[in-house]
Structure formats: structure tokens, C-alpha cells
Amino acid sequence: MTCRYSSVCLALLLLLLLTSGSGAFRPDNQAMTLAGFQYINYIATSRAKVYFATTNGIIIYNKLTNQWEEPLTGADGLGGTDIKRIWVDRFDEHLYAEQSSGLYEYNFTFERWLSAMELPPIDSDDKHLPAPTIMFPPFGFNYLGNGTMVDADSRSFTFSDLVDDGAGNLWIGTWGYGAARAGTGSKNIELLPYGLLQSAAYTLHDEDSVLWVSGPMLNSRRTGITGIDREENRFTFLETGIHPDLPAVNINCLTGNQRYLIVGTETGMLLIDRATQLVDKRIDRRRGFADDNITSLQTVGQDSIFIGTTGGLLLYEISRDSVGSVAHRQFFNNIIYDLTTSDGYLWIGSNVGAYRLSLETGKLQRYQDPDQVLFNRVFDINKYGTYIWFASDNGLVRLDLEDGSTTPYRVSSRKLDSRVMDVNDRIAVISNESGITMIFLDDEELRTRDFSIEDGIASTYVYALHLDGDYLWIGTDKGLTRFLWNNPDRVD
């Protein structure tokens, strides 16, 4: 049969591809990645929305609600990084993006990108303008009159694009400080923070609606801790390297109590007061730490913090400002990878195995599973329900705290540095050398499935996992991916 109308043919062809069993497309809404979106290449606006093309994907601001929408970083068919230019018509019916690999059009019906041959005429009011001579920057910034803002730390951020949308708004893209807007008349610049301060997401700490994220600095110009309000889709930045009490440093782990956000770094522990967002205490070798490289943290009540380091286990008491070594003989010069508490015990994962410490008596016992999955290094420990879970090079072990029985899940990995995991009542997830392995717990026989970058994960290098309802947050070196593990459209 010959099609007389090319648009009909294209639609039928797309439908056939989407419904075929070839696996050419991943399920809709399976993955979305947050990263550092501070470097903006280009801006396009419709009557309702503003699209910012960044070096880490496309982000969207809704002009009608004055809120950020979810970014287009999970849509299939387009590489998520380094979008050069972007175009949209006034009613959000046609959206085009350009990468070095070519031109793409976004299909709003199927929520994925398709290759485009050429850019058609775009019905838009956008006017790309040079930077005005006079603008009024936010508090703490100076405007130099040539499209450059200078912050209080004497860092310069230039305008990379500026668009008049024809409705009284100037939309600003900067190179290093993200998105902003101003009125065409007032010229008052309002910053619109979105995304992560740094793309490396190696540690996650969940507190009610806020998910705290951080990691090593790598090559990021702006570094620190990002707080993600998942209900409001808003972001809080605790930027490091600006003030002396919050230095630019690699962050290894995060936890908290009612008063403090507690930060473990390569050079000691920081207690950040929640009310002021300033560092209240810094504890390192000068305060009694035998090792400054903090690898894990676990609070007990509001006053005590167990601290794992690359050289042993410590206990810090906030009220007394005192530091003491724990099980010095056993853990001296050994790495403490993870800590968790359960029913009066501290569970310890280390490079010399798994241990249980009684918080009442101080008695330390080594735990060895009968199947010897935990032969040597134990990287991660998690409590869920009546179970304690352990992650090692050889896989997972589930310990029933009520009857002492164990269940091994052998999922070996060739990774040399670490493994992370998380669990709920239906699945267990553990990192592997190409992404993650999902273990389905409601099956009588071991059934697993691997996911990687082809499924929407930002990178094969996974450093943090957190199950959050139907979603799994996956921290990588290239961003934080929200993955719909309980996807009804996916066939496992």
C-alpha cells in the first residue's frame, strides 16, 4: 500500500516502532536526571514556558506558575548533554534541539526525540539581544555593564544568551550561574536556581521532603550541597569555597539531627546549623581525630555521632565536644564503609568484614554469614523491617533479626572501589560495573535485571542509591537520576 500523505506515513511508522518488541525505545517517564545546569547555551520561549538549553540537557521554566517543571533529561532519542541551540513555537506544539550530532524534534505525544531533516519556520516572538548597559543584579553581585556579573567572591559570570519574549520579560542564560530573568523596564535581575551545584552525586541523605545531595568536587566550578524539595521542585544550595568556614572540599557522606546537617569530608566533619546555614563546628585532627578522611556517619539520639574513617571508628559527643576511638584494636588503620543502628546495636561495614557493636555494653562481635558471601569487604549496610542487609563484592546477604536466618543473593561485581545498595519489601538494588542490578524479592527463585545508560541512568558509575516510593534515586558522577523502578509499562 502506498501512503499519499507523508505525515500519516510518519505517524504510522512511529506507532509501529513504539509498539514493536524490538526494544528500540525505553518506557515513558522511566528516568529523569538532575545535574549541574549552570552553563546555558541558548534560550527559547513560548507564551507559557521558557526552555534553557544547557550543557547537561534542557530545563523548563513555567511562566504562568513561576515554577520549574521537570527537565527533558530523561526523554529518549537525544543525548542528555551539551544542547547547542533550541527552538519552540508560541504554543509549545513544536520543539527542536540541535546537538553536534544533528537536529532533533520532540514528539509531545510519545515524549521522545526524533531526528529532523531541517528546521522549519518557527512562529515565535523571541528576540535574542545583546546585554544591556544597565542592569540591577541581586544582592551581593555587581553588574559590569557588558553582560558580566561579579559575585562577592570576585567570580565573574557572563551572559551566554538573553531573550526578550515580547511579553515584558528578559530571560537570561549565564555561563556558570544558571538561569535568570528581569523585566524589560525594571532590569532587576532575579536568579532562578535549578539543578545540582555539582553533577557528582556520591552521597544522599533523605529528610522528609528534602533530599540532600553532594559528592567530590571533580571539575565543578561551583561546589557544595544541594537540597532538593521533591514536593515543590525547588532547590537549596549550600555552596562551598566562598566562606572560610565552609571550604571547597570533597564531601563523602551526609546525615543530620534536629539542629545540624552533618557533613563528612576528606578533611574532617562539619556541623552546619540548620537555622543559619552556617558551620557551627568543624572537627578534625586539631580536635582529636586520628584520621580526617570521613567515610560514614551515624547519629545516635541528638548528641552522639559515630564516625567511620579510612583509619578506624570514632565517637563524637556534641554537648561535651569530645572525641573517642571505638574498637581501636580491631579497626585501627581499616576503612569503615558504612554504619547503621538497630535495636540497641551499631552495625559496621568495613574492609575487614561486618561487625555488631552493643551500644549498652560496648561488646563487639564479627558477623559472618554461613554462605560466606561477606567474605571480606562489606561496603553497605541497610535495615528494612525486621531485616539487616549487607552488600559485598560477592552480592547481598539478608539477615532476619527475629530468627537469625540468612538469605544470600550472589550478584558478583568486578568493581574495585565500592558497592552501594538499597532495599524495600519488593526489590533490592545493588550497583554493578555497568549500572545497577535489581533483585525481585517476591519470586521464589533468584530473578534479576540489569539497568544502565541505555535505560536512562546518567552514568555507569553508580555511587549512591535511595528507594523513594515508586522511584529509585541513583547518584552517579554525571548527575542524579530518578528512576521509576515500579514502572507498569516495563516488562521485567
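Here, every reference points to the structure presented above.
In short, a report on the structure. None of these values were measured; they are calculated from a predicted model.

### Some details on the side chain of T265
Here is step 1 of the chain: Counting through the fold element by element, T265 comes out in strand β22 (residues 260-265).
Here is step 2 of the chain: The buried category is assigned to T265, whose relative accessible area is 2%.
Here is step 3 of the chain: A polar atom in the side chain of T265 sits 2.9 Å from the backbone nitrogen of T267.
Here is step 4 of the chain: In this structure, T265 is in contact with V249, N250, I251, N252, L270, D292, N293 and I294, ignoring residues within four places of it in sequence.

### What to know about the packing of aromatic side chains
Here is step 1 of the chain: Scanning all chains against the criterion turns up 21 aromatic pairs.
Here is step 2 of the chain: For the ring pair F331 and Y355, a centre distance of 5.2 Å and an interplane angle of 85 degrees mean the geometry is edge-to-face. Of the two residues, F331 is situated in helix α2 (residues 328-331) and Y355 in strand β31 (residues 353-358); the sequence distance between them amounts to 24 residues. Like Y355, F331 is buried.
Here is step 3 of the chain: Grouping aromatic residues by their ring pairs yields a cluster made of F37, F52, Y61, W68, W171, Y194 and F235.
Here is step 4 of the chain: For the cation-ring pair, R482 lies above Y471, with the distance from its terminal atom to the ring centre recorded as 4.3 Å.

### A few points about the nonpolar core
Here is step 1 of the chain: Grouped together as the largest cluster of nonpolar side chains are 26 residues, with contacts concentrated most on L34, F52, W68 and L480.
Here is step 2 of the chain: Among the secondary structure elements, those contributing two or more residues to this core are β1 (31-34), β2 (40-45), β3 (49-54), β4 (57-62) and β18 (210-214).
Here is step 3 of the chain: If near-sequence neighbours (up to four positions away) are discounted, L480 is found in contact with M32, T33, L34, L196, A201, L204, L211, V213, I228, W473, I474 and G475.

### Some points on the sheet that holds β1
Here is step 1 of the chain: An order of β1-β43-β42-β41 is seen for the four strands of this open sheet, with the pairing classed as antiparallel. Edge positions in the sheet fall to β1 and β41 (462-468), since each of these pairs with one other strand and no more. Taking each pair of neighbouring strands and ignoring which way they run, the sheet shows an average axis angle of 20 degrees.
Here is step 2 of the chain: Here β1 pairs with strand β43 (residues 479-484) via four bridges, running antiparallel. Opposite L34, over in β43, you have L480 as the bridge partner.

Conventions we followed
- Residues numbered from 1 in each chain as written.
- Predicted model: local features only at pLDDT ≥ 70, side-chain atom pairs only at ≥ 80, totals over all residues.
- Heavy atoms only, no water.
- Helix = DSSP H or I, 4+ residues; strand = E, 2+ residues; numbered from the N terminus.
- Buried < 20%, exposed > 50% of the residue type's maximum accessible area, 1.4 Å probe, protein only.
- Polar contact = N/O pair within 3.5 Å; in protein donor to acceptor, adjacent residues only side chain to side chain.
- Contact = heavy atoms within 4.5 Å.
- Phe/Tyr/Trp six-rings, centres within 6.5 Å; stacked < 30°, edge-to-face > 60°.
- Lys NZ or Arg CZ within 6 Å of the ring centre and 35° of its normal.
- Core = buried A, V, L, I, M, F, W, Y, C linked by side-chain atoms within 4.5 Å.
- Pairing = 2+ DSSP bridges.
- Axes fitted to C-alpha atoms, helices over the stretch in contact; angles between N-to-C directions.

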